[in-house]
Amino acid sequence: MTRTWLGIDAGTSVVKAALFDDEGEALAVAGRPLELVHAPDDGVEQDLDAIVSAIVDVTREAAAGHTPHVVAITGQGDGCWVTDEAGRAVRPALSWLDGRAAAILARWNAEGVTERVFRINGTTVFPGAPGPLLAWLDENEPEVLDRATTAGACKDAVFTRLTGERATDPSDSSMPFGDGTGTGYSDGALAAMGLAHRRDLLAPITVPIPQAPLSGPGAELLGLPAGTAISSGPFDFPACARGAGVRAIGDALLIVGTTLGCMVHVDRLATEGDPAGFSVATGEPNRWLRAMPAMVGTASMDWMLQTLGLGVDAIDAALATSPPGAGGVEVLPYFATSGERAPFVDPHASGQVTGVRLTTTRDDLLRAVCEGLGYAARHCFDAAGGATRIVACGGGTRSRPWLQVFADVLGVPLELARTPEVGARGAVLAAAAARGEDLDVETWTAPEDVIEPDPTLRSFYDDGYARYLDHVQAARPFWATRRASAVVR
């Protein structure tokens, strides 16, 4: 009988499940949208029960008529998911998009805390990272933390709900509380952030990833047999890297998703130089992912489309109409509420559109966003140390013209990762490896296509990238002095 493998990806805006056969062919895919709740003072929260409910729905749909050999869970990283011993939310989760800890981060920056943490584990913190958010809760809602058992990651809260086991994997635990080994927490990092007294809220680390049987209550939820093998991790970025076939040193991944994820596979922990990005442990010795995940990717395009009253189908048409350079329009795509986290950390960073004239068209504005995100990706890869091979995935890659812009701006071929559900695919491969079960990784991760850059545009986009960097440097002093203004009605 052919085995099946169920991968579940609990993302920020959607939960997906994909049922794979032994060759990595997707037999069924299901998805459910998720809601982000905006709270006062730049707060962004999510309902864990809604995520669990969506996981139940997609599991029952994708696995209908099958009993998966393994259920492998991945999910969004960062944020702060505060739960009790059964994995139930003590309060709504603080999303990685939450900006309420910006003042704490500013204080840490001034006091050198962020640099001390980076020198320990190669990870910078931003307002939506677990450290600042846990500190914000400790200052503003200490009674919530007093009632909690765990302050951790989304996928691990789901894992506890389904298995009763409390655990996390090296990818989530390595940032920002990691000790630089990939397998432990740092007393120094916790002390620097003023969180040593909350250490017991950090889940035990299981290498390479947590695994447990599906509990009775979990089986009732999912409609699967009790005892079915469940795994948790890695979180979505490194799961996508694994699912895309990023294995060799120098291999890199570009995720054109809600965030613009850029990461390079490296053989050592990077803690020198200017603090920037994350160092994500893979659970393997001397293997790290140097990650530069910009705060917004397709979310920037979604905002521009909504502002212009256009649908997503307008992107390809715009790229066919507006020439390279977008008629002089340039975009800094830092549109997230909580600023930017890679390749630099600035909670006050904001998006800018320049070069607009009476002759500017909507097509020019859309192309300018595409090119701006391409430049942001190039900036991130440069900060990560460069890449010898780049594989691309994410919802934005469904637009081949947009993917061509990325290839042209980056100046390298882009391999298109095997679809569907690259993150869920990577979670399954991680689970199989942890169990010592062989799957043909080359087959599971064979690229679907290669997009070659246009050599005639190389010097044009090199010049554009230099202008982009100059624009960033010119804008940063204005971000630092930005003040909220009162609106008189």
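Check the entry above for the structure.
Cut-offs and rules
- Residues numbered from 1 in each chain as written.
- Predicted model: local features only at pLDDT ≥ 70, side-chain atom pairs only at ≥ 80, totals over all residues.
- Heavy atoms only, no water.
- Pairing = 2+ DSSP bridges.
- Helix = DSSP H or I, 4+ residues; strand = E, 2+ residues; numbered from the N terminus.
- Axes fitted to C-alpha atoms, helices over the stretch in contact; angles between N-to-C directions.
- Parallel < 35°, antiparallel > 145°, perpendicular 65-115°, else oblique.
- Contact = heavy atoms within 4.5 Å.
- Buried < 20%, exposed > 50% of the residue type's maximum accessible area, 1.4 Å probe, protein only.
- Disulfide = S-S within 2.5 Å.
- Salt bridge = Lys/Arg side-chain N within 4 Å of Asp/Glu carboxyl O.

Q: Outline the sheet that holds strand β5 (residues 43–46), supporting the account with residue identities and numerical values.
A: Whether parallel or antiparallel, the strands of a sheet pair through hydrogen bonds between backbone atoms. The strand order across the open sheet formed by three strands is β4-β5-β8, and the pairing between neighbours is antiparallel. Both outer strands of the open sheet, β4 (37–39) and β8 (93–94), are each paired with one neighbouring strand and no more. Pairing analysis gives three bridges linking β4 to β5, with the strands arranged antiparallel. Bridge pairing links Ala39 to Gly43 in β5.

Q: I'd like a rundown of the packing of helix α10 (residues 236–243) against helix α15 (residues 422–435), residues and numbers included.
A: It is at 7 Å that the axes of α10 and α15 come closest, and there the two elements cross at 80°. Considering the angle they form, α10 stands roughly perpendicular to α15. For the pair α10 and α15, contact is made by Ala239, Cys240, Arg242 and Gly243 and by Val422, Gly423, Arg425, Gly426, Ala427, Leu429, Ala430 and Ala433, respectively.

Q: Outline the sheet that holds strand β14 (residues 278–281), supporting the account with residue identities and numerical values.
A: Spatial ordering of the open sheet is given by β14-β15-β13-β12-β18-β19-β20, a layout of seven strands whose pairing is mixed. Single-partner strands in this sheet number two, and they are β14 and β20 (449–451). The mean inter-strand angle of the sheet, taken between neighbouring strand axes irrespective of direction, is 30°. Here strand β12 (residues 251–256) pairs with strand β18 (residues 389–393) via five bridges, running parallel. Note that in β18 the partner of Leu253 across the bridge is Val391. Contacts from helix α14 (residues 400–410) reach β12, β13 (260–266), β18, β19 (414–416) and β20 within the one sheet, and its direction differs from that of β19 by about 150°.

Q: Any chance you could break down the pairing of β5 for me, citing the residues and the numbers?
A: Burial along β5 is two-sided: the residues Gly43 and Glu45 and Val44 and Gln46 are all buried. Taking the residues between adjacent antiparallel strands as the criterion, β4 and β5 are bridged by three residues, where Asp41 takes a positive phi near 60°. Of the strand pairs in this sheet, β5 and β8 are connected by two bridges, and their pairing is antiparallel. Paired with Glu45 across the two strands is Leu94, which belongs to β8.

Q: Can you break down the environment of Leu269 residue by residue, with the values?
A: Locating Leu269 in the fold gives a position in the loop between β13 and β14. Not counting residues within four places of it along the chain, the set of residues in contact with Leu269 comprises Ile120, Asn121, Gly122, Gly180, Ser279 and Trp288.

Q: Outline unusual backbone geometry, supporting the account with residue identities and numerical values.
A: A cis amide bond links Gly233 to the next residue, Pro234, at an omega of 0°. The residue Pro234 is located in the loop between β11 (229–232) and α10 in this model. Backbone geometry at Asp41 places phi at a positive 60°, although glycine is not the residue there. Assignment of secondary structure puts Asp41 in the loop between β4 and β5. Judged by its relative accessible area of 65%, Asp41 falls in the exposed class.

Q: Break down the state of the cysteines for me, with residues and values.
A: Following the criterion strictly, the structure yields zero disulfides and no others. Counting only cysteine sulfurs, Cys380 is the nearest neighbor of Cys262, a cysteine outside any disulfide, at a range of 4.4 Å. With no disulfide of its own, Cys393 lies closest to Cys240 among cysteine sulfurs, the gap being 4.4 Å.

Q: Can you lay out the pattern of salt bridges for me, pointing to particular residues and giving the numbers?
A: If you walk through the whole model with that rule in mind, you get 31 salt bridges. A salt bridge links Arg3 to Asp22, with the shortest nitrogen-to-oxygen separation between them at 3.3 Å. Of the two residues, Arg3 sits in the segment before β1 (5–10) while Asp22 sits in the loop between β2 (14–20) and β3 (26–33), which places them 19 residues apart along the sequence. Residue Arg3 is classed as partly exposed on the basis of its relative accessible area of 27%. The network of salt bridges with shared partners includes Glu45, Arg91, Asp98, Arg100 and Glu141.

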